[in-house]
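# Coordinate inspection notes
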Amino acid sequence: MNAGLLVALVGIPQCLAYAMLSGLPPMYGLVTAAIPGIIAAIYGKSSNVTVGPTNTTGLIILTSLTPWAHDPDALLTAMATLAFLAGLTRLLIVLSNSERIFDFVPEAVMVGFATGAAVIIAIMQLDETLGQPLQGVNNVLDELYRLTHYNWADFSLASFLLALTAIASVILGKRYLPRWPIPLLTLIISILIVMFNIFPFSQSWVTLGASTYIADGWPLINTKLPSWSMISQLIIPGFAVAFIGSLELIVTLRNSRSQHHLAGELKSQGFANIVGSFTGAFPASTSLTRSVLLEVGGAQTRWAPFIAALAMIPIILFGAEAIRAIPQPVIAGLLIAIAISMIKPNAIKQMLSVNNQTRSLFLITFISTLVLDFHLAILLGTLLGIAMFLFQTSKPLLFAYELDANRNATPIHNKLPNQLLIQISGSLYFAAARQLPNRVNARLTTHTQLCVLDLSHAHQGRVAAVQALREIHQHCISLGVELSMTGGSVSLRKLSESMGVSLPWSDDRIVLQLSSGKL
């Protein structure tokens, strides 16, 4: 009970902020925490997972829904469609047993994405901290350009100081009073100042009620079916939202040592998003911060996240007056503080210092996050990571040694040895096998009389591997080189026999005296 109420109270400003971050009225953030949160709590497995709006998916949702931003009815339809597709994607991942897809996302991509998202979140709140929000800002570049032409006559010191107070409440509260809902207290105090006009300077604060329509009762729900054009535009963003949200889930489960609940939690969040799409929710995912609060509050069962979600309903129905009084600078400050917490200097330092591939992958993902749509940035980074992995595994390592009269292998001293051992180490699937003949044949000269291929460290030999070995054998015959293949697996030998390919297999063992460098 205590853990659930703690998460609900602290989650109110977050849910409101994340809805605005997604380009939607703030009340939809509470709906997304309520309905999907309840469904996920009922069908989920872990007591340390709470579901609702999140910051990392917020910007994907914003860019995905931008084409319909100026048509309220179409925006509701697009929001519901995106939530439905995000839920359906999760269910398809579970039904196809494809959870391992998330293992292929490199750490550099995740750090680059999170860093870029944090920078965008912080920059997009700068106008609110100055006092007068800019209208019709499309992206971070637009925000920066318009800030360079900002009318400083609109600057409000009171708004700026309130935003700084909200930032400090998150940073200092987390450090010195981690069990206290300091950000929530800051929010409540600012609401009371506005509602009772306690200080004259509060009149310069722009409130949520002044910038968006907020009323008691459930917000409008979509009642229209989407067009095929809308669905086709939202399929990839729906996958991206589900993909990023699932990564947040994996991090949460790792923190609580509950990785075995991954499939169950993905399924529950799939159902949660599908039900939420019919009740006024936008795509919901695992909230890292609120999930941590469940653990801090001592949550033991699924009742804790259930109570956290259920507590949002009376706020939606009866809390409009208080929500209208929320100053926008305090929401901006909370978002900036969250963005600061997303930046991990140690992780960034590691990504920049490990190796060129990791550094490049981090920088490409980070920059693309700033200039491309969010779902394109994360998909680009992931595809680049997979491409780098495939390129690395497509080039098995070759080690060359000189053989003496007793078939002992030693480092090459003679540049043109008569007897040569080439040790192949790595995968021999189709991409790796096809370039193998050129690499091996390049080591053979007119001085070579004997070549032994050691396959004891090669694996995943398929049809392409047999074809590559046959090509090497034919080249040796053309040069008059005696070829011997040792260490081949039983399955590889049987495969060559079934293909009708005769290869010079040998059971000889080669003694390595000292290893040399790889080729």
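Residues numbered from 1 in each chain as written. Predicted model: local features only at pLDDT ≥ 70, side-chain atom pairs only at ≥ 80, totals over all residues. Heavy atoms only, no water.

Across its full length, the protein chain carries 24 helices and nine strands. Computed over its C-alpha atoms, the radius of gyration of the protein chain comes to 30 Å, more than 25% above the 24 Å expected for a compact globule of 519 residues. If you line up the protein chain on its principal axes, its C-alpha atoms span 100 × 45 × 45 Å. Counting only residues that meet the buried cut, the protein chain has 53% of its 519 residues in that class. Within the protein chain, counting contacts between residues at least 6 apart in sequence, those at least 24 apart form 78% of the total. Element-wise, carbon and sulfur atoms account for 62% of the exposed surface of the protein chain, whose accessible area totals about 24200 Å². Averaging the coordinates of the 29 positive side-chain charges in the protein chain and doing the same for the 24 negative ones gives two points 7 Å apart. (Helix = DSSP H or I, 4+ residues; strand = E, 2+ residues; numbered from the N terminus. Rg over C-alpha atoms; globule rule 2.2 N^0.38 Å. Buried < 20%, exposed > 50% of the residue type's maximum accessible area, 1.4 Å probe, protein only. Contact = heavy atoms within 4.5 Å. Areas by Shrake-Rupley, 256 points an atom, 1.4 Å probe, with all protein chains shown as cover. Lys, Arg positive; Asp, Glu negative; His and termini not counted. Charge placed at Lys NZ, Arg CZ, Asp CG, Glu CD.)

Moving on, we come to the pairing of strand β3 (residues 397–403). Looking along a regular strand, one sees side chains alternate from face to face of the sheet. Along β3, six of the seven residues are buried, which leaves the element largely enclosed by surrounding structure. Where β3 lies against strand β5 (residues 419–427), six bridges are found, and the strand directions are antiparallel. Considered in β5, the bridge of Leu 397 is made with Ser 425. Counting the residues in the hairpin turn of β3 and strand β4 (residues 408–410) gives four residues, including Arg 407, whose phi is positive at 65°. (Pairing = 2+ DSSP bridges.)

Let us now look at the packing of aromatic side chains. Ring pairs (aromatic) are described by centroid distance and by the angle formed between their planes. All chains considered together, the criterion is met by eleven aromatic pairs. The interplanar angle of 50° and the centroid separation of 5.9 Å between the aromatic rings of Trp 152 and Phe 155 together place this pair among those described as tilted. Classification of Trp 152 as exposed rests on a relative accessible area of 55%. Relative accessible area serves as the criterion here: at 32%, Phe 155 is assigned to the partly exposed category. A ring pair is formed by Phe 362 and Phe 366, whose centres lie 6.2 Å apart and whose planes are at 10°; its orientation type is stacked. (Phe/Tyr/Trp six-rings, centres within 6.5 Å; stacked < 30°, edge-to-face > 60°.)

The next thing to look at is unusual backbone geometry. Located in the positive-phi region is Asn 97, a residue other than glycine, with phi close to 55°. On the basis of relative accessibility, which here comes to 63%, the residue Asn 97 falls in the exposed class. Of note, the phi angle at Gln 460 is positive, near 60°, even though the residue is not glycine. Given the relative accessible area of 42%, Gln 460 is considered partly exposed.

Glancing now at the state of the cysteines. All told, the structure shown has zero disulfides when counted by the stated rule. Left without a disulfide partner, Cys 451 is nearest to the cysteine sulfur of Cys 476, which lies 5.3 Å away. Taking the relative accessible area as the measure of exposure, Cys 451 reaches 0% and is therefore buried. (Disulfide = S-S within 2.5 Å.)

What follows concerns the confidence of the model for the protein chain. In the predicted model, the protein chain carries a mean pLDDT of 85, and the fraction of residues at 70 or more is 92%. No element of the protein chain has a lower mean pLDDT than strand β9 (residues 511–512), at 61, and none a higher one than helix α4 (residues 72–95), at 95. Low pLDDT, under 50, characterises residues 514–519; the stretch is placed with 18 contacts to residues that sit more than four places away or in other chains. (pLDDT = per-residue confidence, 0-100.)

Our focus in this paragraph is the packing of helix α3 (residues 55–65) against helix α5 (residues 107–124). Two numbers describe how α3 lies on α5: the axes approach to 10 Å, and their chain directions differ by 70°. Comparing their axes, α5 and α3 come out roughly perpendicular. Across the interface between the two elements, Asn 55, Thr 56, Leu 59 and Ile 60 of α3 pack against Phe 113, Ala 117, Ile 120 and Ile 121 of α5. (Axes fitted to C-alpha atoms, helices over the stretch in contact; angles between N-to-C directions. Parallel < 35°, antiparallel > 145°, perpendicular 65-115°, else oblique.)

This part takes up the pattern of salt bridges. Side-chain pairing between opposite charges can occur once the charged atoms of the two side chains come close. In the structure shown here, the tally under the stated rule is three salt bridges. Lys 224 serves as the salt-bridge partner of Asp 73, at 3.9 Å between the closest nitrogen and oxygen. Taken as a pair, Asp 73 in helix α4 and Lys 224 in the loop between α10 (208–211) and α11 (228–255) lie far apart in primary sequence, 151 residues in all. Residue Lys 224 is classed as partly exposed on the basis of its relative accessible area of 48%. Between Arg 146 and Asp 142 there is a salt bridge; the shortest N-O distance is 4.0 Å. Taken together, the residues span about one helical turn, with Arg 146 and Asp 142 both in helix α7 (residues 140–148) at a distance of four residues. Look at Arg 146 and you get partly exposed, because its relative accessible area is 26%. (Salt bridge = Lys/Arg side-chain N within 4 Å of Asp/Glu carboxyl O.)

For the rest of this paragraph, the subject is the environment of Gln 233. Positionally, Gln 233 belongs in helix α11. Taking the C-alpha atoms as reference points, Gln 233 and Pro 67, 166 residues apart in sequence, are found 9.8 Å from one another.

Before going further, it helps to examine helix α19 (residues 356–371). If you check α19, its first and last C-alpha atoms are 22 Å apart, about what 16 residues at 1.5 Å a residue would give, namely 22 Å. Buried residues of α19: Thr 358, Leu 361, Phe 362, Thr 365, Phe 366, Ser 368 and Thr 369, and no others. Its side-chain oxygen placed 3.2 Å from the backbone nitrogen of Gln 357, Asn 355 serves as the N-cap of α19. (Expected span 1.5 Å × (residues − 1). Polar contact = N/O pair within 3.5 Å; in protein donor to acceptor, adjacent residues only side chain to side chain.)

The element strand β6 (residues 450–459) is extensively covered by neighbouring structure, given that seven of its ten residues are classed as buried. One ladder, built from eight bridges, connects β5 with β6; its direction is parallel. From the neighbouring strand, Leu 421 faces β6, where its bridge partner is Val 452. The pairing of β6 with strand β7 (residues 482–486) spans five bridges and is parallel. Note on β7: the bridge partner recorded for Leu 450 is Glu 482.

Attention now moves to the environment of Phe 306. Relative to the elements of secondary structure, Phe 306 occurs in helix α14 (residues 303–310). The spacing of Phe 306 and Gly 52 is 254 residues in sequence and 12 Å in space, taken between C-alpha atoms.

Let's shift gears to the side chain of Asn 273. Relative to the elements of secondary structure, Asn 273 occurs in helix α12 (residues 262–277). Setting aside residues no more than four positions away along its own chain, Asn 273 makes contact with Ala 83, Phe 84, Gly 87, Arg 90, Phe 282, Pro 283 and Ala 284.

Running from N to C, α5 and α7 cross one another at 40°; their axes reach a closest spacing of 10 Å. Here α5 is positioned oblique relative to α7, judged by the angle of their axes. Considering the relative orientation of α5 and α7, their crossing is left-handed. Here Ile 120, Ile 123 and Met 124 of α5 lie close against α7, whose contacting residues are Val 140, Glu 143 and Leu 144. (Left-handed = near helix turned anticlockwise from the far one by under 90°.)

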